[in-house]
Amino acid sequence: MKKNLYNIAIVGATGVVGGELIKILEERNFPVNTLKLLASDRSIGKSFTFRGKDIPVDILADNSFTTIDIAIFSAGKDRSLEFAPKAAHAGAIVIDNSSAFRMENDIPLIVPEVNRHALASYTQKKIIANPNCSTIQLVVALKPIHDHFTIKRIVVSTYQSTSGAGLKAMDELSTQSINMFSQKNVAQKVFPKRIAFNCIPHIDSFSQENYTLEELKVIYETNKIMNTSFKITCTAVRVPVFYSHAESVNVETEKPCPIEKVRSVLKTAEGLELFDDPKELKYPTQIDATGKDTVFVGRLRRDFSLEHGLNMWVVADNVRKGAALNAVQIAEELIKSYL
C-alpha cells in the first residue's frame, strides 16, 4: 500500500547542504512524517526549525535508520561508505551526495531532468548516487543538445564557488578578504593558495595524469548519466565567490547545430532557462543563480573554429540544484513512481 507520509533522515544536517535540504523539504511541501537530523557528536545541542518545530540534531550511529524510509546523506565520502550500506540494510533508501558510490555499476547516478528512468535500478543496493555539483548543471544543459544534434566532444572549464568546499571554505574567503582590506595577516588553511581575489585551478587532489579528481568526476559522471561515450575534457577552477558555479562549455556536435535551432531547443528544456540577450547585457552570473532552482544558460554562440560547434555559459546554485534540490527531486521521483 502506497504511503502518504515518509520518515526522512538527513545525515550531515549541520553542513551547508544539510541546512539547504531542510529548507527545500519544507519549501516543496515534501510529505514528511518525521524528520530525523543526524551529525557527528560535535553537533550535540544544535537544532533546526522545520514546519514551525525545533528538531534537535542526533548523533549518527549504526541504529539511526530503523524507522527511516529515505535517508539523504551529505556528510562526506567516508561517512557514506560506513553508514549508507547500514541504512540500506535497515530498510531505508539512501540518496547519497558524496562521491562514494557514483561510479558503481549497480548504483544509479541520477539527475531527474536527464535520466529519471535509470532510477528503476535503485533496488539492487537501495542506494542512489547524487552527482557532483558541476556535473549536474552541465548535463541539464547538454541533454537537449545531445538529443537533437548528437554531441561528439565537449570542453568544459568550471568556475566553482567556495560553498562547494563547505562552511570553512566560505569562512576562509570572508576572513581573507577582510584581513586584506585591514592589512592584516592572511592565513591559508582550507585552500592551497589564497582564495581572496584569486582563482585556483585546483579542486580536489591530483591524479597520475595531472587531472584533478574534480575534473575526472565531471568527465566520467557525465557519460554515465547521459549513457554516452562522447569525448570530454575539463579544467576545474575555484573562484572567490560564495555561492553558485559557472561553466564555460564548448560543444562539438555530429549534426549541424544552427544557433537559432539550439536556442529553440534550450527554451523548452526541462529545468533550464535560456538567459541570453547580449544587446541587453543579459547573461547569467553567479549572483543571478544563487537561491534559484534553475540551470541558466547564456552567451550562446557559434564556434567558428568547428564545422558543427557552439559555446555557452552555464550557471547554477551548487548548493541547491547542484546538491540539495537534486537529492529532493530524486526523492520526489521515488515516491511518485516506486514507493
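Draft legend 1. Highlighting the sheet that holds strand S2 (residues 32-39). Spatial ordering of the open sheet is given by S3-S4-S2-S1-S5-S6-S7, a layout of seven strands whose pairing is mixed. In the strand order of this sheet, the two ends are held by strand S3 (47-50) and strand S7 (127-129), each with one partner. In this sheet, neighbouring strand axes are inclined to one another by 25 degrees on average, regardless of whether the strands run parallel or antiparallel. The strands that helix H2 (residues 77-89) touches are strand S5 (70-73), strand S6 (93-96) and S7; relative to S5, the one it contacts most, it runs at about 175 degrees. Contacting strand S1 (6-11), S5, S6 and S7, helix H9 (residues 320-337) crosses the sheet at an angle of about 155 degrees to S6.

Draft legend 2. Structural view of the environment of lysine 292. Tracing the sequence through the fold places lysine 292 in the loop between helix H8 (286-289) and strand S12 (295-302). Accessibility expressed as a relative area gives 39% for lysine 292, which makes it partly exposed. Considering only alpha carbons, one finds lysine 292 and serine 244, 48 residues apart in sequence, at a separation of 9.6 Å. In this view, lysine 292 contacts Asp317 and Arg320; residues no more than four positions away in its chain are not counted.

Draft legend 3. Quick peek at the side chain of threonine 222. Structurally, threonine 222 can be placed in helix H6 (residues 213-226). Contacts of threonine 222, omitting those with residues within four sequence positions, involve Thr135, Leu138, Val139, Leu142, Lys217, Thr228, Phe230 and Ile232.

Draft legend 4. Representation of the environment of glutamate 26 in the model. Its location among the elements puts glutamate 26 in helix H1 (residues 16-27). What makes glutamate 26 partly exposed here is its relative accessible area of 35%. C-alpha separation for the pair glutamate 26 and cysteine 234, spaced 208 residues apart in sequence, amounts to 36 Å. Each residue touching glutamate 26, except ones within four places of it in the same chain, is listed here: Thr49, Phe50 and Arg51.

Draft legend 5. View of the side chain of serine 163. By the element assignment, serine 163 lies in the loop between strand S8 (151-160) and helix H5 (167-181). Within the structure, serine 163 has its side chain in polar contact with the backbone oxygen of phenylalanine 242 (distance 2.8 Å). The residues contacting serine 163, other than those within four sequence positions of it, are Met170, Phe242, Tyr243, Ser244, Asn318 and Val319.

Draft legend 6. Region of the structure containing the packing of helix H4 (residues 133-149) against H9. The interhelical angle for the contact between H4 and H9, taken along N-to-C directions, is 85 degrees, at an axis separation of 8 Å. Of the possible angle classes, the one that applies to H4 and H9 is roughly perpendicular. Across the interface between the two elements, Cys133, Ile136 and Val140 of H4 pack against Lys321, Gly322, Ala323 and Asn326 of H9. Looking at the contact of H4 with H9 residue by residue, the classes come out as four nonpolar, two polar and one charged.

Draft legend 7. The arrangement of H2 in detail. Along its 13 residues, H2 runs 18 Å from first to last C-alpha, staying within 8% of the 18 Å computed at 1.5 Å per residue. The largest bend along H2 reaches roughly 35 degrees and is located at phenylalanine 83, with the proline proline 85 sitting one to four residues downstream. Burial in H2 covers these residues: Ser80, Phe83, Ala84, Ala87 and Ala88. In this structure, the buried side of H2 is in contact with S5, S6 and S7. Immediately beyond the C-terminal end of H2, within one or two residues, lies glycine 91, with a positive phi of roughly 115 degrees.

Draft legend 8. Focus on the nonpolar core. With 58 residues, the main nonpolar core has Phe65, Phe73, Leu142, Ile145, Val251, Leu310 and Met312 as its most contacted residues. Considering each element in turn, this core owes the most residues, eight residues, to H4. If sequence neighbours within four positions are ignored, leucine 142 has contacts with Ile151, Ile154, Thr222, Met226, Phe230, Val249, Val251 and Met312. If you look at the next biggest cluster of nonpolar residues, it comprises 37 residues, including Ile10, Ile22, Ile72 and Ile110.

What counts as what
Residues numbered from 1 in each chain as written. Predicted model: local features only at pLDDT ≥ 70, side-chain atom pairs only at ≥ 80, totals over all residues. Heavy atoms only, no water. Pairing = 2+ DSSP bridges. Helix = DSSP H or I, 4+ residues; strand = E, 2+ residues; numbered from the N terminus. Axes fitted to C-alpha atoms, helices over the stretch in contact; angles between N-to-C directions. Contact = heavy atoms within 4.5 Å. Buried < 20%, exposed > 50% of the residue type's maximum accessible area, 1.4 Å probe, protein only. Polar contact = N/O pair within 3.5 Å; in protein donor to acceptor, adjacent residues only side chain to side chain. Parallel < 35°, antiparallel > 145°, perpendicular 65-115°, else oblique. Nonpolar A, V, L, I, M, F, W, Y, C, P; charged D, E, K, R; others polar. Expected span 1.5 Å × (residues − 1). Bend = angle between axes of the 7 residues up to and from the residue. Core = buried A, V, L, I, M, F, W, Y, C linked by side-chain atoms within 4.5 Å.

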